[in-house]
Amino acid sequence: MSAIALGSNLGDSRATLESALQTLDGTPNITVIKRSSWYKTAPVGPSQPDYLNGCALVKVQLNPQELLTTLLDIEDKFNRVRQERWGPRTLDLDVLLFSDLILETPNLQIPHPRMTQRAFVLVPLAEIAPDWIEPVSGKAIDRLVETVDRSGVKKFEIGEKK
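Before going into details, it helps to say that this report is about the structure given with it. On a predicted model such as this, the values are computed, not experimentally measured, just so you know.

Rules and cut-offs
Residues numbered from 1 in each chain as written. Predicted model: local features only at pLDDT ≥ 70, side-chain atom pairs only at ≥ 80, totals over all residues. Heavy atoms only, no water. Buried < 20%, exposed > 50% of the residue type's maximum accessible area, 1.4 Å probe, protein only. Helix = DSSP H or I, 4+ residues; strand = E, 2+ residues; numbered from the N terminus. Pairing = 2+ DSSP bridges. Salt bridge = Lys/Arg side-chain N within 4 Å of Asp/Glu carboxyl O. Contact = heavy atoms within 4.5 Å. Core = buried A, V, L, I, M, F, W, Y, C linked by side-chain atoms within 4.5 Å.

1. Concerning the pairing of strand E5 (residues 92-98)
For step 1, the next point in the chain: Among the seven residues in E5, six count as buried, and that is most of the element.
For step 2, the next point in the chain: Looking at chain direction, strand E1 (residues 2-8) and E5 are connected through six bridges and run antiparallel. Counted as the bridge partner of Ile 4 is Val 95 from E5.

2. What about the pattern of salt bridges?
For step 1, the next point in the chain: Throughout the structure, instances matching the rule amount to three salt bridges.
For step 2, the next point in the chain: Among the ionic pairs, Glu 18 bridges to Arg 35, the shortest N-O distance being 2.8 Å. One end of the pair, Glu 18, is in helix H1 (residues 13-25); the other, Arg 35, is in strand E2 (residues 30-35), with 17 residues separating them in the sequence.
For step 3, the next point in the chain: Assessed through its relative accessible area of 34%, Arg 35 is described here as partly exposed.
For step 4, the next point in the chain: One salt bridge connects Arg 143 with Glu 146, and the closest N-O pair in it is separated by 3.6 Å.

3. Quick look at unusual backbone geometry
For step 1, the next point in the chain: With an omega of -5 degrees, the peptide bond running from Ile 110 to Pro 111 counts as cis.
For step 2, the next point in the chain: Along the chain, Pro 111 falls in the loop between strand E7 (109-110) and helix H3 (119-128).
For step 3, the next point in the chain: The phi torsion at Asn 29 lies on the positive side, around 70 degrees, for a residue other than glycine.
For step 4, the next point in the chain: For Asn 29, the position within the fold is in the loop between H1 and E2.

4. Focus: the pairing of strand E4 (residues 51-60)
For step 1, the next point in the chain: With nine of its 10 residues buried, E4 lies for the most part within the structure.
For step 2, the next point in the chain: Pairing between E1 and E4: seven bridges, direction antiparallel. Bridge pairing links Gly 7 to Asn 53 in E4.
For step 3, the next point in the chain: Relative to E4, E2 is paired through five bridges, and the arrangement is antiparallel.

5. Concerning the environment of Leu 96
For step 1, the next point in the chain: Tracing the chain through its elements places Leu 96 in strand E5.
For step 2, the next point in the chain: Leu 96 gets classed as buried once you look at its relative accessible area, which sits at 1%.
For step 3, the next point in the chain: As for Leu 96 and Ser 2, which are separated by 94 residues in sequence, their C-alpha atoms are 7.4 Å apart.
For step 4, the next point in the chain: Other than its neighbours up to four places away in sequence, Leu 96 contacts Ala 3, Ile 4, Ala 5, Cys 55, Ile 110, Pro 111, His 112, Met 115, Val 121 and Leu 125.

6. Things to note about the nonpolar core
Note on soluble globular proteins: their nonpolar side chains tend to be buried together.
For step 1, the next point in the chain: Counting residues in each nonpolar core, the largest one holds 25 residues, and the members touching the most others are Leu 6, Ile 30, Leu 67, Leu 71, Leu 91 and Val 95.
For step 2, the next point in the chain: Excluding residues within four positions of it along the chain, Leu 67 makes contact with Ser 2, Ile 4, Ile 30, Val 60, Leu 62, Val 95 and Phe 98.
For step 3, the next point in the chain: Ranked by size, the runner-up nonpolar core spans 23 residues in total, among them Ala 3, Leu 57, Ala 119 and Phe 120.

Encoded structure:
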């Protein structure tokens, strides 16, 4: 089992995220098992619109590098453009956790290196995987979420404008 973070703050973010989940689930060797609600979140980085963020648990028959490559390919299909670090984007897909694996390569670090400091990741992840143990800290997600400022993370209601 793996955990994936999804985010968007350009265009129709909700439609993009829903389509990205469908694309993930329709990709060979990936099955979406569970998904969180969407959350409206304040941006990190340069001035830009608020984000919609969420998480999904996926069953994969890929190695971590293959999963990363697949996520990058899906981002490309949704016109992801990388202009600046933490800049606005149509779609952002990140590998958060891959079972209990700890991995560091030049282009992939698992667990995601900043996930334990980001409420926009931990709040939706805690909704769907509260008991998952983050392998570096040894703490469950529902414990980690208590340690971050969650004030900028609000559940997105259907019909609400991003």
